[in-house]
Every structure is written in C-alpha cells, then in structure tokens.
Amino acid sequence: MRFIEYPDSEMMMLDLANVLAGDIENALLSKETASFSVPGGTTPGPIFDALSAADLAWDRVRVFLNDERWVPEDSDRSNTRLLKERLFVGRAAAATYVPLYAPADAPEDKLDALTGAVEANLPLDVLLLGMGADMHTASLFPGADQLDLALSDDAPTLLAMRAPGAPEPRITLSAPVLAGALKTHVVIKGAEKRAAIEAAANLTPTEAPIACVLQNATVHWAES
C-alpha cells in the first residue's frame, strides 16, 4: 500500500483527478478503449467535477460503477444519478457508460443481463474506490450475505449484496475484479478512516473487505 497525505481535501481532489486522467491516457496509448470504475457516494463528486474537463479521448473510455444501490436512476440514492450530474458533463459526456442497474424488482433479476457488458471491459484499467469507516469498499460489507462468495477466487463478476448497513439491496463488483485492476486508487478523508485503513492492512478481507485491494493500491488521504 502506498499512502499519500494531502494538506486538504480540495488539493487532494484536484491532484487525484489529474492522476486518474494520466492513468486513463496511458491506458489508451496501448489499447483501443480503457475501462474506468468509480465509486458513488458524496466523496468523489469534486473529483468528477475536475475530471469531466480533462482533455482525453473520452469516446474511447468505458465507465462503470464499483457498485450500485438497487434504486431507480432518478432516486437521490442512485450512484448513476451522481455520475450523470457530476462526471458525464463537459468533455467526459462522450464516455460510454456501462450500467450496473436495470429496472427490476431485485438485482438478481438482471445480473446475467448486466454482467456481459462489464466482462467485455475487464480487466479494469483504472479503479477508484472509496471506503467506509467499517472498512467496506464497493458493496463488500463486513457481515454481508454473500461476502464469502464475493471474496472467493472463483467469485462471479457481479453479485447481489445485502448487508445490515445497507438500506437497500446492492449490486457490486466482486473482489477478484477489483483486485485485478491495473491501477488502483483509494480516496478517504478524516482521522477515523485513516485509522481504519491502517488497521485493515493487518486484517483479513473477511474482517476488512478493503484489504482485498490494498497490496497494489495507492491511498489518497486528507484530514478534512
């Protein structure tokens, strides 16, 4: 794990957007298309704002989420909505979005239909992850109903996931997909999350799911 500390979150978000743009550009030097997977939630919004203006061949970039809440795209709980409002604007509007949601009562109803498009863009070229104070990443929550399967070497690409800390069902990339990314970045803020990620480095992925990616990850942290 490589750890980078920033003086404040504003500088971190701008610098990380530049790093991600560089990673995507490098991937496009040797491939026709580049795959870029991103988190939802509130933290990455400023990164998306900066990244959306990057001078990249966005029409050759395939973007998909680490995970998605099983809610309609117009819900304020939807990670897809965040992407459409904060990333897919400006130059980045030319990117191709690979969805992790389709209208249905439960994620199990659409797993097969969604998996093919994701697998066509693996391995991930560039991966940006967040982490909760409970050391979850994507929708790999400690105590989640299918965590053991999601962490296994033969895990499927996508899984439905339910957990005590998640108000609605989720769909998530599995640990092997995340761990297989060519470039991995984790962005966190605050003393609590710094302590959590330092602890995770000495725990198993079952105890701390973020541990499944830390060996090859760069962690970006600011106090506030």
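An account of the accompanying structure is given in this report. (Residues numbered from 1 in each chain as written. Predicted model: local features only at pLDDT ≥ 70, side-chain atom pairs only at ≥ 80, totals over all residues. Heavy atoms only, no water.)

1. What about the sheet that holds strand β5 (residues 96-97)?
Line of reasoning, step 1. Read across the open sheet, the seven strands follow the order β1-β10-β9-β6-β2-β3-β5; overall the sheet is parallel. Only two strands of the sheet have a single partner each, and these edge strands are β1 (2-6) and β5.
Line of reasoning, step 2. Across two bridges, strand β3 (residues 61-65) lies against β5 in parallel orientation. Considered in β5, the bridge of V63 is made with Y97.
Line of reasoning, step 3. On the sheet, helix α7 (residues 191-200) packs against β1, β9 (183-189) and β10 (217-222) and is oriented at approximately 140 degrees with respect to β9. (Pairing = 2+ DSSP bridges. Helix = DSSP H or I, 4+ residues; strand = E, 2+ residues; numbered from the N terminus. Contact = heavy atoms within 4.5 Å. Axes fitted to C-alpha atoms, helices over the stretch in contact; angles between N-to-C directions.)

2. Regarding the layout of surface pockets
Line of reasoning, step 1. Volume-wise, the largest pocket comes out at about 380 Å³.
Line of reasoning, step 2. Lining the largest pocket are 22 residues, and of these G40, G41, G130, M131 and H136 lie nearest its centre.
Line of reasoning, step 3. Elements supplying a minimum of two residues to the lining of the largest pocket: β4 (67-69) and β9.
Line of reasoning, step 4. The element contributing the most residues to the lining of the largest pocket is β9, with three residues.
Line of reasoning, step 5. For the lining of the largest pocket, the per-class residue count stands at seven nonpolar, ten polar and five charged.
Line of reasoning, step 6. Quantified by volume, the second largest pocket comes out at close to 160 Å³.
Line of reasoning, step 7. If you trace the second largest pocket, you find it lined by G41, T42, G45, R69, S75, D76, R77, S78, N79, R81, L82 and R86. (1 Å grid on protein atoms, 1.4 Å probe; cavity = no way out; pocket = protein on both sides within 12 Å on 5 of 7 lines; lining within 4 Å. Points joined across faces, edges and corners; volume = space filled by probe spheres on them. Nonpolar A, V, L, I, M, F, W, Y, C, P; charged D, E, K, R; others polar.)

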